[in-house]
Amino acid sequence: MTVPPERRAAARDAAEQESAFSHPHAEPDVTVAYGRHPDQVVDLYAPRGGGGAGAPLVVVLHGGAWRAAYDRRHVSPFAAFLARRGFAVASVEYRRGGAGPGVAGRWPETFDDVAAAMDALPGLAAGALPRTDAQPWAEGAPLVDVSRIVVTGHSAGGHLALWAAARHVLPQGSPWRPPGPGPSVAGVVALAPIADLRTARELSVCSGAALQLLGGPERFEERRPSADPAALLPTGVPATVVHGRADIVVPVEVAGAYVRAAARAGEAVRLRLVEDAGHFPLIDPAAEACAVVAEEVTRLLDGPGPR
């Protein structure tokens, strides 16, 4: 009997999710708070790849449709994988969910937390990350080079990563605009991101999560200009989108819509499509797609810095 393509795709997605979630939790070297709420914490992982002092900092924003059922624990193996590649890693927790079960995000708290974490992270990482025996250090050399920060995130976290890198183009007076005059990151590598909220709404990605994030249909268009990465272009920040061609959770059409929006705004966004990969291999250390992500982070860091 022939199995319908939809069933084959669903079975593949389930197997990929099971693999990504099968790894044991990777304990961070230290957890620090950037606020007083229990969810306002960051797990820090010291670099272990033998790259020497002054490791760049990779900020990880986890996915899960901005819903409370998913927290940073499921990306801890991915964070540890990046640390083994020689990066210092900060895995950010933030407030998710809402008034009811399964509701996506909190307005404005989800955005409050990401903005606060990004502003606090250079000082937190420089002051709290311990040196490890697994990494050689020159005496007196800094552990982390906080002038070299890349933001990455998966799915809903990919949306937040692109948004975090675009905060400097928010209107003056926005509570989320950073204190400095320009972008504070070297770039962003967004993994299967919910990068265009209008397209995500049209496709009902993650059961309408984008619509819920912004407070429902009556608030969607009002809030979208300050929350949708596709509405904050151009940013002047180098960006790469990595997406699995076989992704049925966040269809590749969402990434395509963001890349096209960037082109219309006069900005080039690199799109790397991973063959034979769905949604979850991008954060699965056992999958080849995860190595692609590390490669893209390295490529971006080897290019021009903040503009």
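Details of the structure are given in the entry above.
It should be emphasised that the depicted structure is a prediction, and the values quoted were computed from it without experimental measurement. Chains are numbered independently. Their residues run from 1 in the order of the written sequence. Reporting of local features is limited, given that this is a predicted model, to residues whose pLDDT is at least 70; pairs of side-chain atoms are given and counted only at 80 or more, and all residues count toward the totals for whole chains, interfaces and linings. Excluding hydrogens and water, the side-chain values take into account all heavy atoms of the structure.

### Points about the packing of helix H2 (residues 76-84) against helix H9 (residues 288-302)
Our working rule: For helices, the axis comes from a line fit to the C-alpha atoms of the stretch in contact; other axes are also lines fit to C-alpha atoms, and the angle between any two N-to-C directions lies between 0 and 180 degrees. In this description a helix means any DSSP run of H or I spanning at least four residues, a strand means any run of E spanning at least two, and both kinds are numbered starting from the N terminus. Angle categories are assigned with fixed cut-offs, so that under 35 degrees is roughly parallel, over 145 is roughly antiparallel, 65 to 115 is roughly perpendicular, and the rest are oblique. Crossing chirality is assigned from the near helix's rotation relative to the far helix, an anticlockwise turn below a right angle marking it left-handed and a clockwise turn marking it right-handed. Working rule for contacts: check all heavy atoms of both residues, and any pair within 4.5 Å makes them a contact.
Two elements in contact, H2 and H9, have axes separated by 11 Å at closest approach and are oriented at 55°. Comparing the axis directions of H2 and H9 gives the class oblique. In terms of crossing hand, the pair formed by H2 and H9 is right-handed. Contacts between H2 and H9 pair Phe78, Phe81 and Leu82 from the former with Cys290, Ala291, Val293 and Ala294 from the latter.

### Focus: the pairing of strand E6 (residues 187-191)
So the rule is basically this: Each residue gets one of three labels from its accessible area relative to the maximum for its type: buried under 20%, exposed over 50%, partly exposed in between, using a 1.4 Å probe on protein chains only. Paired strands are those between which DSSP finds at least two bridges.
The buried fraction of E6 amounts to five of the five residues, a majority that puts the element mostly inside the structure. Of the two faces of E6, the one carrying Gly187, Val189 and Leu191 and the one carrying Val188 and Ala190 are both buried. One ladder, built from five bridges, connects strand E5 (residues 144-154) with E6; its direction is parallel. Along E6, the bridge assignment pairs Thr152 with Val189.

### Describing the sheet that holds strand E1 (residues 30-33)
Pairing within the open sheet is mixed, and its eight strands lie in the order E1-E2-E4-E3-E5-E6-E7-E8. Each edge of the open sheet is held by one strand with a lone partner, namely E1 and strand E8 (270-274). Mean inter-strand twist for the sheet, computed between neighbouring axes without regard to direction, equals 20°. Sheet strands touched by helix H8 (residues 252-264): strand E7 (239-244) and E8. Its angle to E7, the strand with the most contacts, is close to 160°. Strands in contact with H9 are strand E3 (55-61), E5, E6, E7 and E8; relative to E8, the strand with the most contacts, it is inclined by about 160°.

### Some points on the side chain of Arg72
Mapped onto the fold, Arg72 is located in the loop between E3 and H2. Apart from the residues lying within four places of it in its own chain, the contact partners of Arg72 are Thr31, Val41, Asp43, His62, Ser91, Val92 and Glu93.

### Here's the deal with the nonpolar core
To be explicit about the condition: Nonpolar cores were defined as sets of buried Ala, Val, Leu, Ile, Met, Phe, Trp, Tyr and Cys residues, with membership established by side-chain atoms within 4.5 Å.
Ranked by size, the top nonpolar core spans 66 residues in total, and within it Trp66 and Ile194 carry the most contacts. Among the elements that take part in this core, helix H3 (residues 109-128) stands out by supplying seven residues, more than any other. Listed in part, the 31 residues of the second largest apolar core include Val189, Ile283, Val297 and Leu301.

### Overview of the pattern of salt bridges
We apply this condition: Any carboxyl oxygen of Asp or Glu within 4 Å of a side-chain nitrogen of Lys or Arg constitutes a salt bridge here.
Scanning the entire structure with this criterion turns up 17 salt bridges. The salt bridge partner of Arg72 is Glu93, with a shortest N-O separation of 3.5 Å. One end of the pair, Arg72, is in the loop between E3 and H2; the other, Glu93, is in the loop between strand E4 (88-92) and H3, and 21 residues separate them in sequence. Comparing Arg72 with Glu93, the two get one shared label, buried. Arg167 is the partner of Asp119 in a salt bridge, and the nearest nitrogen-oxygen pair spans 3.2 Å. With a gap of 48 residues between them, Asp119 in helix H3 and Arg167 in the loop between helix H4 (156-164) and E6 connect regions that are remote in the sequence. For Asp119, a relative accessible area of 40% translates into the label partly exposed. Note on Arg167: relative accessible area 3%, which makes it buried. One connected set of salt bridges, linked through shared partners, spans Asp39, Asp43, Arg72, Glu93 and Arg96.

Read these as layout, nothing more, since geometry by itself doesn't imply function.
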